[in-house]
Amino acid sequence: MPSSGRIHHPGLARKVVPADVAAGHIRHGDTVGMSGFTGAGYPKAVPQALAQRISDAHAAGEPFRVNVWTGASTAPELDGALAAADGIELRLPYQSDPVSRDKINRGLMEYIDVHLSHVAQMAWMGFLGPLDVAVVEISGITPDGDLVPSSSVGNNKTWLDQADRVILEVNSWQSPALDGMHDVYYGTALPPDRRPIQLTRPDDRIGVPYLRCPEDKVVAVVETAAPDRNTPFKAPDADSRAIAGHIVEFLEHEVARGRVPRSLLPLQSGVGNVANAVLAGLGDSSFEGLTAYTEVIQDGMLDLLCSGSMVSASATAFSLSPEGAARFDAGAEGLRGRILLRPQEISNHPEIIRRLGVLAMNGLIEADVYGNVNSTHVMGSRIQNGIGGSGDFARNAYISFFLSPSTAKGGAISTIVPMVSHVDHTEHDVAVIVTEQGLADLRGLPPRRRAELVIERCAHPDYRPLLRDYYERALRESPGRHTPHLLAEALSWHTRYLAEGSMMPAP
């Protein structure tokens, strides 16, 4: 029996090999589906061994690149190592690695930015082409050969089903208490055979706790004992605390008006310091009996679960700081039954988000005065990370919030602009915009009233006069009055920043 004691199936135990041997099953030109979602549950050893094989091949003058599909972002041992080795031809559906980002923006790596709920169905429909290899981290193998998922589920079910060859990494660092925290649904189908997904509460179980894979597809098993790598969250700063305060006040108002129950509706929160600060703000509020139907459980949500303010959380992955991961390990047994990790095609499914009435809170790079949001591109053309699941939730949420400080780069960039340089979420999918300056509730407002509210409530005071000036001139001079714009200068703030290093005009 292997040394970790996590592999209880004799046939799969006989397939244990070193990582470099396992990586030998991946060939130039292969498409590889790897586990991983927001730095959790990604394979730790095989990608690094593959990166070394690729580097050796390149040194010998031989081509070696692969296409990489994941659940979402991973970590330096995967994205960073393969990108640094110039080993990725095409990447999807989301990334946050600085080496990958640089290669994508220099045109050296192809990247498809995809709604996270769409990836599995696109693979099943054949739109993405065949999947040659799956490399999936798990936390154990049962005597029956069932696979215990680790700290993320992501697209692992689809990768295991679709791949010709499967490599498993069994990571004994992952908490044994994860066994039973997963709900893997095997009932999805393609049109015309789809059926309603019978999930009506965030804590409903509709699947099984394990992943399945035929033994004969598994070509190698690798044992690891390596931690997930997530960076620590910053302590909430004044801007983040102000944003959290605006949201809590708004939700109190919604409760008072009878539009939201006292326990609120299921929460969804994007990843990041601002979102984490908002969760901390909810923890300091009077709301109790909270639930979450979201993509990731990060430190702030773990705090709500541990304090009892949140009774259950459904997600597809953890996204915990090292301190948060240690806190989860220490209290995992007590969280059993209150946390469910699902495939991302279920955690992000529009049908379920709409049915549950999720309150969706996501970050933005910039918003324009009419409520259009750019959450992916810097200055119109440089990808930052990707749309992730924000589109899945924004379009289908009961209330869709977008959050950001009102400025960036020390005030050189206004996050409220006349016109966004790239559109990910149109004004039709954006209900509330929040900065440290204030909150703009855009529900039920026509474009011009939206503009007036966004400028007065959300823009930084240094940029507010410039926005007022632009909008007032657009009202007079625009050829149309429904959504007034001056096209000759609508993106001038961005071109000024690129030329001069600041959106603020020189004095």
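These notes cover the structure that comes with them. Starting from 1, residues in each chain are numbered consecutively following that chain's sequence as written. Whole-chain, interface and lining totals are the exception, using all residues; otherwise, since this is a predicted model, local features are given only for residues with pLDDT of at least 70 and side-chain atom pairs are given and counted only at 80 or more. Water and hydrogen atoms were dropped before computing side-chain values, which therefore reflect all heavy atoms in the structure.

Looking now at the overall build of the protein. Labels follow the DSSP assignment, with helices taken as runs of H or I lasting at least four residues and strands as runs of E lasting at least two, numbered in each case from the N terminus. Along the backbone of the protein there are 17 helices and 25 strands. Atoms counted for the radius of gyration: C-alpha only. Globule rule: 2.2 Å times the number of residues to the power 0.38. For 507 residues, the compact-globule formula gives about 23 Å, and the C-alpha radius of gyration of the protein, at 23 Å, lands near that figure. Expressed along its principal axes, the backbone C-alpha trace of the protein runs to roughly 75 × 55 × 45 Å. Across the 507 residues in the protein, those meeting the buried criterion constitute 59%. Positive residues here are Lys and Arg, negative ones are Asp and Glu, while His and the chain termini are left out of the count. Note that the charge is assigned to NZ on lysines, CZ on arginines, CG on aspartates and CD on glutamates. Taking the average location of the 45 positive side-chain charges in the protein and that of its 59 negative ones, the two points are 4 Å from each other. A simple rule labels every residue: compare its accessible area, found with a 1.4 Å probe on the protein chains alone, to the largest value its type can have, and call it buried under 20%, exposed over 50%, or partly exposed in between.

Okay, the sheet that holds strand β17 (residues 373-374) next. At least two DSSP bridges between two strands are required for those strands to pair. Spatial ordering of the open sheet is given by β17-β16-β23, a layout of three strands whose pairing is mixed. Each of the sheet's edge strands pairs with one partner strand only, and the pair in question is β17 and β23 (416-417). In this sheet, β23 lies alongside strand β16 (residues 366-368) in parallel orientation, the contact comprising two bridges. Residue pairing in the sheet places Ala367 in a bridge with Ile416 of β23.

This next bit is on the pattern of salt bridges. One side-chain nitrogen of Lys or Arg within 4 Å of one carboxyl oxygen of Asp or Glu is enough to make a salt bridge. In total, this model carries 23 salt bridges according to the counting rule given. In this structure, the salt-bridge partner of Asp203 is Arg201, at a minimum N-O distance of 3.3 Å. The partly exposed category is assigned to Asp203, whose relative accessible area is 33%. A salt bridge links Arg395 to Asp429, with the shortest nitrogen-to-oxygen separation between them at 2.8 Å. Remark: Asp429 occurs in the loop between β23 and β24 (432-435) and Arg395 occurs in helix α14 (residues 390-396); sequence separation between them is 34 residues.

On to the packing of helix α8 (residues 238-256) against helix α9 (residues 273-283), then. Contact geometry for α8 and α9: axes closest at 8 Å, N-to-C directions at 50 degrees. In terms of orientation, α8 and α9 fall into the oblique class. The element α8 and its partner α9 pack so that their crossing is right-handed. Facing α8, whose interface residues are Ser240, Ile243, Ala244, Ile247, Val248 and Leu251, α9 presents Val274, Ala277, Val278, Gly281 and Leu282. Note on residue classes: Ala, Val, Leu, Ile, Met, Phe, Trp, Tyr, Cys and Pro are nonpolar, Asp, Glu, Lys and Arg are charged, and everything else, Gly too, is polar. Classifying every residue of the contact of α8 with α9 gives nine nonpolar, two polar and no charged. In this analysis an axis means a line fitted to C-alpha atoms, helices contributing only their contacting stretch, and an angle means the value between N-to-C directions, from 0 to 180 degrees. An angle below 35 degrees is read as roughly parallel, one above 145 as roughly antiparallel, one from 65 to 115 as roughly perpendicular, and any other as oblique. Definitions for this section: a left-handed crossing has its near helix turned counterclockwise from the far helix by less than a right angle. A right-handed crossing has that turn clockwise. Contacts were defined at the residue level, with two residues in contact if any of their heavy atoms lie within 4.5 Å.

Let's shift gears to the environment of Thr70. Mapping Thr70 onto the fold places it in the loop between β2 (66-69) and α4 (76-84). Put simply, Thr70 and Leu82 are 12 residues apart on the chain and 13 Å apart in space, counted from C-alpha to C-alpha. Beyond its immediate sequence surroundings of up to four residues, Thr70 is in contact with Met34, Gly36, Arg91, Leu92, Pro93, Tyr94, Asn155 and Trp159. At a separation of 2.9 Å, a polar atom in the side chain of Thr70 contacts the side chain of Arg91. Polar contacts here mean pairs of N or O atoms no more than 3.5 Å apart (in protein, one a potential hydrogen donor and the other a potential acceptor; neighbouring residues in sequence count only if both atoms are side-chain atoms).

This next bit is on helix α11 (residues 322-335). A helix is expected to span 1.5 Å multiplied by its residue count minus one. If you check α11, its first and last C-alpha atoms are 18 Å apart, about what 14 residues at 1.5 Å a residue would give, namely 20 Å. At Asp329, α11 shows its largest kink, close to 45 degrees. Those residues of α11 that are buried are in contact with α10 (299-307), β13 (317-319) and β14 (339-341). Just downstream of α11, Gly337 is the residue with a positive phi angle, here 90 degrees. Each residue is assigned a bend, namely the angle between axes fitted to the seven residues that terminate at it and the seven residues that start at it.

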